[in-house]
Each structure stands twice: as C-alpha cells, then as structure tokens.
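For reference, the chains in residue letters:
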Amino acid sequence: MRSSYSEEDVILLLKDITGLVEPQPTEEREKLIQSGKHYSEMLPIEYVPTEKYMQVYKDALIHYARPVANAIGNLADKVMKHRGKGVVLVSLARAGTPIGILLKRYIKKKYAIEVPHYSISIIRGRGIDDNAMKYLLSHYKPEQLLFVDGWIGKGAILNELKKDIAVYAGVSSEIAVAADPANVTELCGTHEDILIPSSCLNSTVSGLVSRTFLRNDIIGKDDFHGAVYYGELKSADLSYEFIDTIEREFRMENTDDAVALTGKGIDEVRKIGEAFGVEDINLIKPGIGEATRVLLRRVPWKVLIDVQYKDNPQLEHLVRLAEEKRVPVEYYPLKHYKCCGIIKKIADA
C-alpha cells in the first residue's frame, strides 16, 4: 500500500484500491449507514479545511505537542516494561498509524531498539483483517504482537478486538493508546481526554491514506482490507510535520499521568443518551478525537462541551468546525470527556 510514510516508519498491510471506489457526500453516506449499509463499504469525500480551520490546527499542534509527546513517552515506558524488546507494534489504521510511528521513534530514541511496526485494518462489526493477521503470525510469535491505536472513545474497537483475537492463539487483545478517557486500559499514555492534533484532520495527517474499506466486489478472499492513496493531496500533506513536531518534544523522563478516573466512559455515554433522548449509543461519540471525526465525516446533531472547558483553546478547532457546519454547541457537565459529538438520527438527517 502506498502512503506518504517511509517504510522505515511503518509497513501498511492494506490493498491499494485507489481509483476503484467513488467517494460519496457525507449526507448520502449517513443515510445509507443509518439504513443499514456498513460504513466500511463506502468512502467519504475528504473534508478540505478552510484557511481559518488550518490556523486553528496549527495552533493546536504548537500548544499540545508537549502533552502528546509526554503521553507517548509514558506509553513507551509501559510497553517496554510489560512487553519487552521483542515487541512488534501493530497499529490500527488509520488513527493508530501516526501514534505507532511516534511510539516506534520514542523507543528507538530512549531504548536504542528498532521495533517493527505494521498497520492493519480493523472494522467495527466486520472484524480484524484475517489475511493481515496471518501474514504477521507467519513472521512473528503471537506474544510479540501489540495493537496500537490513537485514543479510546467509548471502547467499541477494544471490544471488537477482544472478540476477534480469540481465534488467534497466544495473541493478546491488549491495546496501547496515547489517551484513554474511557478508563478501559492501563496501557495508555494518559487517562485525560487530550487533544491529539492528528484527530483534527483526515488523510493529510495520516500518510495520505483513506480510512479502511471492505466490500467483496473489490476485496477478494486473499486480499488485505483496502484503502485509497490520495496522491492529489501531496501538496497539502502534513503527516511528517505532525510526527516531527511531536518528536521534537520527546523527553527521556516524563510526567506521570495526574488523571485518576473512576467508573467507565461507556456508563457516561449511556447517561448522555438518556439525557438527550438518543437510544442508539453508536450515534454518541465521546472525547475530542471522536467528536472531531463526527464533525469531519458524519452528519452532526450537536456537540457537547464540558462546562469547565468553555472557551478553552484546546477545543477551539471543534468550535470552529461546528460554526462552519452550523452545528449547535451545548455546554454540559461531563466527567470522563471534555466533549462529545452526537450524530443526527436518520429521521432528522
């Protein structure tokens, strides 16, 4: 699979389907998704950021490079302690890929170990890429594989992983993430709902690769899951600017996570559903990363921001996107998360 990443940083176990799938407008995709078509069978038209939004992204990158670098350092130390130098990083495309690259680079810098890093697809409701798993298990021992993602919103992908990995003897369903506000894994850089600036954009901060795709007219039984390479966006590619900016903030000693959470994020999500009359919790996307994705590629109903973070610069990109898309922002008390995106129900879409 082509990408703008170097193979020294990551090997993408994906099938290049560039030119084979026509991207669809957001509203059209949303109606199809909510009427039962699986999201992985379609690709969105990529959001083209406005100049104002790009300025907000650049400010976010400057302000939050250090907290993200600290989280990466904390996570790397935990990975080395619990998994050792034989670890093989397997990031979940595409949000996990830049985090996997940063983790690999930090481990090399601090521990002088070059750990392998691959990126594979996992799709909620469709499972992990079996062909990619077979490839990895033909090259490495099961206990070496460690899954990596960017953040955990409410834990849907972790639940998918636990279910799917059961068939691969010896492979752990443990997942390493930079941020876990859902409070479901200790293998995280922080439990704080931090802004990971790569969540603010799509392919232009993810190696010019689309989200992953699975449809049997294009993906054969022996193929990896698919993705598109957006070569036409080369001039707008910020993938390495993001990686390099965070890497410059790496320290060999990191501040311990000061956030101690009680309870699970999913319980808070259910309460939000009750408070706002949303029966399907799949329409509720908590956390900065997930709320940003709702605004970038779904049809949002509203955005909730924790009252304590009103006018906080780390949520400025979210407020800017909501303004651009004319989505109401409501200030609401949240415990695990700083914000939450709610998708419109099909009847309203």
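Read on for a plain summary of the structure. Remember, predicted model here, so these are calculated numbers, not experimental data. (Residues numbered from 1 in each chain as written. Predicted model: local features only at pLDDT ≥ 70, side-chain atom pairs only at ≥ 80, totals over all residues. Heavy atoms only, no water.)

1. Focus on the nonpolar core
Nonpolar side chains in soluble globular proteins tend to end up buried together. One finds Tyr 57, Ile 72, Val 79, Leu 103, Ile 196, Phe 242 and Ile 246 to be the most contacted residues of the largest nonpolar core, which totals 64 residues. Looking at this core element by element, the count peaks at 15 residues for helix α2 (residues 51-83). Setting aside anything within four residues of it in sequence, one finds Ile 196 in contact with Val 68, Ile 99, Gly 150, Trp 151, Ala 178, Ala 179 and Phe 242. In this structure, Ile 128, Met 133, Val 177 and Tyr 337 belong to the second largest nonpolar core, which totals 37 residues. (Core = buried A, V, L, I, M, F, W, Y, C linked by side-chain atoms within 4.5 Å. Buried < 20%, exposed > 50% of the residue type's maximum accessible area, 1.4 Å probe, protein only. Helix = DSSP H or I, 4+ residues; strand = E, 2+ residues; numbered from the N terminus. Contact = heavy atoms within 4.5 Å.)

2. Section: the pairing of strand β3 (residues 88-93)
Burial analysis of β3 places 6 of its 6 residues in the buried class, the great majority of the element. Across 5 bridges, β3 lies against strand β4 (residues 117-123) in parallel orientation. Residue pairing for β4: Ala 93 is matched across the bridge by Ser 121. (Pairing = 2+ DSSP bridges.)

3. Considering unusual backbone geometry
In this model, Ala 93 is joined to Arg 94 through a cis peptide bond whose omega is 0°. One non-glycine residue with positive phi stands out, namely Leu 208, at about 60°. With respect to the element layout, Leu 208 can be found in the loop between β8 (188-190) and β9 (226-227).

4. So, the side chain of Asn 131
In this structure, Asn 131 sits in helix α4 (residues 130-139). The class of Asn 131 is buried, set by a relative accessible area of 16%. Setting aside anything within four residues of it in sequence, one finds Asn 131 in contact with Lys 221, Asp 222, Asp 223 and Phe 224.

5. A few points about the sheet that holds strand β13 (residues 339-343)
Sheet architecture is open: 4 strands sit in the order β10-β13-β11-β12, paired in mixed fashion. Pairing within the sheet leaves two strands with one partner each, and these edge strands are β10 (284-286) and β12 (329-331). Averaged over all neighbouring strand pairs, the angle between strand axes comes to 20°, with direction disregarded. Sheet analysis places β10 next to β13, joined by 3 bridges and oriented antiparallel. (Axes fitted to C-alpha atoms, helices over the stretch in contact; angles between N-to-C directions.)

6. Remarks on the state of the cysteines
Using the criterion set out here, one finds 0 disulfides in the structure. Not engaged in a disulfide, the cysteine Cys 188 finds its nearest cysteine sulfur in Cys 339; these two sulfurs lie 18 Å apart. Taking the relative accessible area as the measure of exposure, Cys 188 reaches 1% and is therefore buried. (Disulfide = S-S within 2.5 Å.)

7. Remarks on the pattern of salt bridges
Evaluated as defined, the whole model comprises 25 salt bridges. One network of salt bridges, in which partners are shared, links Asp 9, Arg 105, Lys 109, Asp 244 and Glu 247. (Salt bridge = Lys/Arg side-chain N within 4 Å of Asp/Glu carboxyl O.)

8. Examining the packing of helix α8 (residues 288-297) against helix α9 (residues 316-324)
Angle between the axes and distance between the axes are the two parameters that describe a pair of packed helices. Two elements in contact, α8 and α9, have axes whose closest approach is 10 Å; the angle formed by their N-to-C orientations is 20°. By the angle class used here, α8 and α9 are roughly parallel. For the element pair α8 and α9, the recorded crossing hand is left-handed. Of α9, the residues touching α8 (which contributes Ile 288, Ala 291, Thr 292, Leu 295 and Leu 296) are His 317, Leu 318, Leu 321 and Ala 322. Grouping the amino acids of the contact of α8 with α9 by side-chain chemistry returns 7 nonpolar, 2 polar and no charged. (Parallel < 35°, antiparallel > 145°, perpendicular 65-115°, else oblique. Left-handed = near helix turned anticlockwise from the far one by under 90°. Nonpolar A, V, L, I, M, F, W, Y, C, P; charged D, E, K, R; others polar.)

9. Topic: the pairing of strand β7 (residues 175-179)
A regular strand carries its side chains on alternate faces of the sheet. By the criterion of burial, β7 is predominantly enclosed, with 5 of the 5 residues buried. As paired strands, strand β6 (residues 145-151) and β7 are joined by 4 bridges and run parallel to one another. Note that in β7 the partner of Val 148 across the bridge is Ala 176. Assessed by its sense of winding, the connection that carries the chain from β6 through helix α5 (residues 156-165) to β7 is right-handed. Strand direction decides the pairing type here: β7 and β8, joined by 2 bridges, are parallel. Looking at the pairing, Ala 179 lines up with Thr 190 of β8. (Right-handed = clockwise from strand over helix to strand, strands pointing away.)

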